[in-house]
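What the coordinates show
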Amino acid sequence: MKNGTNFVPGLEGVVAAETRLSHVDGLAGELIISGFPLVELAANATFEETVYLLWHGRLPIAAELTTFQHKLAAYRPVPPATLALLKSVAAESAPTMDALRIGAGTLSLGISEERDWEIGRLGDSGNLPISQSLNNPLAFAIVARFPTIVAAYWRFLQGQEPIVPRTDLSHAANYLYMLTGEEPSAARVRGLETYLNTVVDHGLNASTFAARVIIATNSDLVSAVTGAVGALKGPLHGGAPGPALDTVFEIGVPERAEPVLRAKLEAGERLMGFGHRIYKVRDPRAEVLAAAAEQMFAADGDMALYELAKEVEATAVTLLAEHKPGRNLQTNVEFYTALLLHGLGLATDLFTPTFAISRAAGWIAHCLEQQRYGRLIRPQSTYIGETGLVWQPVGVRG
Ligand code: ACO
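Extensive coverage of helix H15 (residues 333-343) is indicated by the burial of 10 of its 11 residues. If you check the start of H15, you find a side-chain oxygen 2.9 Å away from the backbone N of glutamate 334, and it comes from asparagine 332.

Remark: helix H5 (residues 96-104) packs on helix H16 (residues 351-373), axes separated minimally by 8 Å, with the N-to-C direction vectors making an angle of 35°. Contacts from Thr96, Met97 and Leu100 in H5 reach Thr352, Pro353 and Ala356 in H16. Its residues placed into classes, the contact of H5 with H16 shows four nonpolar, two polar and no charged.

So, about the pairing of strand S2 (residues 30-33). Residues Leu31 and Ile33 point to one face of S2 and are all buried, whereas Glu30 and Ile32, pointing to the other face, are not buried. Across four bridges, strand S1 (residues 22-25) lies against S2 in antiparallel orientation. When the bridges of S2 are listed, histidine 23 appears paired with isoleucine 32. Hairpin geometry of S1 and S2 is characterised by an intervening segment of four residues between the two adjacent antiparallel strands and by a positive phi of about 70° at glycine 29. Relative to strand S3 (residues 36-37), S2 runs antiparallel, the two sharing two bridges.

Turning next to the site of the ligand. In the vicinity of the ligand there are 18 residues, among which Leu271, Gly273, Phe274, Lys324 and Arg327 approach most closely. Note that an oxygen atom of the ligand is positioned 2.8 Å from one of the backbone N or O atoms of glycine 273. One nitrogen or oxygen atom from the main chain of phenylalanine 274 is found 2.9 Å from a nitrogen atom belonging to the ligand. Burial of the ligand by the surrounding chains reaches 69%, relative to a free accessible area of 910 Å². Partitioning the shell around the ligand into residue classes produces seven nonpolar, five polar and six charged.

What follows is about the pattern of salt bridges. Under the criterion given, the structure shown has 14 salt bridges. Note that arginine 212 is salt-bridged to glutamate 369, the shortest N-O span being 2.9 Å. Within this pair, whereas arginine 212 is found in helix H9 (residues 206-215), its partner glutamate 369 is found in helix H16, the two being separated by 157 residues in sequence. Residues arginine 212 and glutamate 369 agree in their burial class; the two are buried.

This paragraph deals with the side chain of threonine 208. Checked against the element boundaries, threonine 208 lands in helix H9. Since its relative accessible area comes to 0%, threonine 208 is described here as buried. For threonine 208, the residues in contact, after removing those within four places along its chain, are Asp201, Gly203, Arg359, Trp363 and His366.

Let us look at the environment of arginine 256. Note on placement: arginine 256 falls in the loop between helix H11 (241-251) and helix H12 (257-266). Residues arginine 256 and valine 312, 56 residues apart in the sequence, show an inter-C-alpha distance of 9.0 Å. For arginine 256, the contacting residues outside a window of four places in its chain are Glu250 and Ile251. Polar contacts involving the side chain of arginine 256 include one to the main-chain carbonyl oxygen of isoleucine 251, which spans 2.9 Å.

Reading guide: rules and limits
- What you see as residue numbers is a count from 1 along each chain, following the sequence as written.
- Only residues with pLDDT of at least 70 are given local features in this predicted model, and only at 80 or more are side-chain atom pairs given and counted; all residues enter the totals for whole chains, interfaces and linings.
- The side-chain values count all of the structure's non-hydrogen atoms but skip hydrogen atoms and water molecules.
- Three exposure classes are used, based on accessible area relative to the maximum for each residue type with a 1.4 Å probe and protein chains only: buried under 20%, partly exposed in between, and exposed over 50%.
- Secondary structure is summarised from DSSP: a helix means a run of H or I of at least four residues, a strand means a run of E of at least two, and numbering begins at the N terminus for each.
- Within 3.5 Å is the distance limit for a polar contact, defined as a pair of N or O atoms, with the added protein rule that one can donate a hydrogen and the other accept it, and that residues adjacent in sequence qualify only through two side-chain atoms.
- Lines fitted to C-alpha atoms define the axes, with helix axes restricted to the stretch in contact, and inter-axis angles between N-to-C directions lie between 0 and 180 degrees.
- The contact definition used throughout considers only heavy atoms, calling two residues in contact when any of these lie within 4.5 Å.
- Residue polarity is assigned by list, with Asp, Glu, Lys and Arg as charged and Ala, Val, Leu, Ile, Met, Phe, Trp, Tyr, Cys and Pro as nonpolar; anything else, Gly included, falls into the polar class.
- At least two DSSP bridges between two strands are needed for those strands to be called paired.
- It suffices for a single heavy atom of a residue to lie within 4 Å of a molecule or strand for the residue to be listed as near it.
- Per-residue accessibility takes into account occlusion by the displayed protein chains alone, with areas from the Shrake-Rupley method and a 1.4 Å probe.
- In the sections that follow, a salt bridge refers to a side-chain nitrogen of Lys or Arg positioned within 4 Å of a carboxyl oxygen of Asp or Glu.

Written out as structure tokens, the structure is:
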């Protein structure tokens, strides 16, 4: 029974939120995070500054930043029950992204939520008010504890004990420290911070929308973020930067870039790390991450791998233009994500969980924004099944 509404598969073109958090312009190749062009913010801000910006709508002054950093750092240890659960999950060798989803659901243990806004309260002008002091402890616990969950689980998988988080290190530095037990170099910390800032928010993507739908039922932040982790995990969203890196390794030396990539295209394969549904020019995140990777590899890494990746990228873009003329298939965020995270010493299984460590802050910002609307998200469906069926007892059904 058609009810006259238009069905838009994938909701393309449907506007389901107004946001001050980020703006994606796929034709101009522009990403704005809370007013800042990505290129302005990513390589300059600490991750804590970016989180503050998203949650408060402005950058902190020095004293506010110090308080915010201390508050986040204090939440880093996870409940003992979370660690025990992660240890038993590791015994099954589940992927780290599954462990993060399982661990995320425990983060409300011992914490009761204090909401920052009355549901449905808009400013007199109809504009959304910006909170000056964010008090919801779950917001802090989620962002602070995602790295602890991922690092602890990773170490359990390697047969090692987790490393207790340190409060004197930044969010990014402490994550790398908890993975390895070694204090990372300044170049590595900067590389990771630039990555975390780059992927923290990206319009109404699938996981962000999932989080907004959940919080709009008047549910809690942990439920919203756990659902969002599940959405991010899917290969159509959290992506698979691993295969992009595999191609670079398979090529091995610059001279092999053209024959290997040409053979893949002739066999009908897609080149991983290229093409995007929205961006029809080079993904601005690729630009920022390429520059970050270059800086990090130059200071503290394998420059030959970086040079090889540049050659692979240039060859891929040329061959894609030849093979799929008019498609504008350009480098996407996954290509340099893979290179940067590999350069930081992260295994492929940690790539998507590290994405989630950043995006958690964006999900929470969207939840806070959505809470201020106080409106249940409830679209419609068009029924295309049968009607008027007559009940038959089980014994006489054909
Ligand atoms: N390599 C080769 N050909 C490609 C590629 C690619 N990477 N991407 C698109 N094409 C071709 C398709 O084969 C298709 O050709 P055809 O029309 O002759 O059949 C045409 O370009 C359009 O492809 P669509 O899938 O319709 O384009 P869409 O915009 O939906 O695809 C996507 C976007 C899924 C990212 C695609 O470019 C792709 O598969 N890329 C490789 C995987 C990848 O890098 N994924 C990460 C994306 S970033 C992120 O999600 C965070």
